[in-house]
Amino acid sequence: MKKLILLFITAIAALSLNAQELPLKKEPVFQEGETLQYKLRYGFITAAEATIKVTNSDLVFDNQPTYKLTVDAQTSGTFDVFYKIRDHYDSYIDKKDLLPYFYQENIREASYKRQDKARFNQDAKKIVSNRGNFNTPTTQTFDLVSAYYFARSLDISKLKVGDSFKLNYFLQDEVSALEIEYVGKETIKSKLGNIRCLKFSPSIKPGRIFKKDSRLYLWVTDDGNRVPVKAQVEILVGAVTMELKSAAGLKYALAKE
């Protein structure tokens, strides 16, 4: 289950693109106080839940003010009885260019515990973490949480169906690249109503969990917020779906039909 939760966090982050190709909008599409809640379902069973929020931070990096981005994820119901997960992630990002300065995570999964920290130096293309020092391929490398928020503020108005692109993100002890394809537009039925969305397909690696022809799909609101509404992937037995449960403090109205 922890691999599936990580998969969907990665999927949300997957829209973090190279800003040289797809520049940021003039201002972030999110604001302080925004709180989003998601649920992860296996079939009809809710297996886990996550809360993502934006707050103003008192911490200053390189003389620049920051936002604090927080993610809390935990198993629920029967899954919580057999494999308890309590994961917490923090990312501190620049208020203007939305690039991360500092990232930390506190992982508690059954008897397994881990704490990781990473300091990003974008200009020097380096990351210093408790696992070592790492070089990055560009001056825009993200942790998974900051990637999610950076992606939402990108100008993707020129994307065409079938276009693909890559992102760079740091996770645990390596910098990885992920390829994402823009699929098109689609209306998604959700608990918040019928919402017009942009549909993407991040790449995944077949393995013990996924079928050889499995595809991961991600739907993002086609409005000023660019909030991920749904993600879905087929596994060897059934499918796993992430859905937006609630949204508060949004900067713009949702694209409801």
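Computed from a predicted model, the values in this text were never measured in an experiment.

## Brief notes about the pairing of strand β11 (residues 193–202)
Inference 1: For β11, a buried count of seven out of 10 residues is recorded, marking the element as mostly surrounded by other parts of the structure.
Inference 2: Bridge analysis of strand β10 (residues 174–190) against β11 gives 10 bridges, and the strand direction is antiparallel. In the sheet register, I180 faces β11, and the bridge partner there is P202.
Inference 3: Counting the residues between successive antiparallel strands, the hairpin from β10 to β11 contains two residues.

## A closer look at the nonpolar core
Inference 1: Ranked by internal contacts, the top residues of the largest apolar core, which has 58 residues, are F30, L36, Y38, L69, V145, Y149 and F200.
Inference 2: Those residues in contact with V145 that sit more than four places away from it in its chain are L69, V71, Y89, S91 and Y103.

## What to know about the confidence of the model for the chain
Inference 1: This prediction gives the chain a mean pLDDT of 85; 88% of its residues lie at or above 70.
Inference 2: Note that pLDDT drops below 50 for residues 13–21; the model gives that stretch 35 contacts with residues more than four away or on any other chain.

## Observations concerning the packing of aromatic side chains
Inference 1: Applying the stated rule across the entire model yields 12 aromatic pairs.
Inference 2: Considering the side-chain rings of Y148 and Y149, the 4.7 Å spacing of their centres and the 85° angle between planes classify their relative orientation as edge-to-face.
Inference 3: The ring of Y67 is capped by K95, whose NZ or CZ atom sits 5.1 Å from the centre of that ring.
Inference 4: Above the face of the W219 ring, K230 is positioned so that its terminal group lies 5.2 Å from the ring centre.

## Details of the environment of Q232
Inference 1: On the secondary structure map, Q232 appears in strand β13 (residues 228–234).
Inference 2: Its relative accessible area of 29% is what places Q232 among the partly exposed residues.
Inference 3: Spatially, the C-alpha atom of Q232 lies 9.0 Å from that of W219, the residues being 13 residues apart in sequence.
Inference 4: Among the polar contacts listed, one links the side chain of Q232 to the side chain of T241, at a separation of 3.0 Å.

Reading guide: rules and limits
Residues numbered from 1 in each chain as written. Predicted model: local features only at pLDDT ≥ 70, side-chain atom pairs only at ≥ 80, totals over all residues. Heavy atoms only, no water. Buried < 20%, exposed > 50% of the residue type's maximum accessible area, 1.4 Å probe, protein only. Helix = DSSP H or I, 4+ residues; strand = E, 2+ residues; numbered from the N terminus. Pairing = 2+ DSSP bridges. Core = buried A, V, L, I, M, F, W, Y, C linked by side-chain atoms within 4.5 Å. Contact = heavy atoms within 4.5 Å. pLDDT = per-residue confidence, 0-100. Phe/Tyr/Trp six-rings, centres within 6.5 Å; stacked < 30°, edge-to-face > 60°. Lys NZ or Arg CZ within 6 Å of the ring centre and 35° of its normal. Polar contact = N/O pair within 3.5 Å; in protein donor to acceptor, adjacent residues only side chain to side chain.

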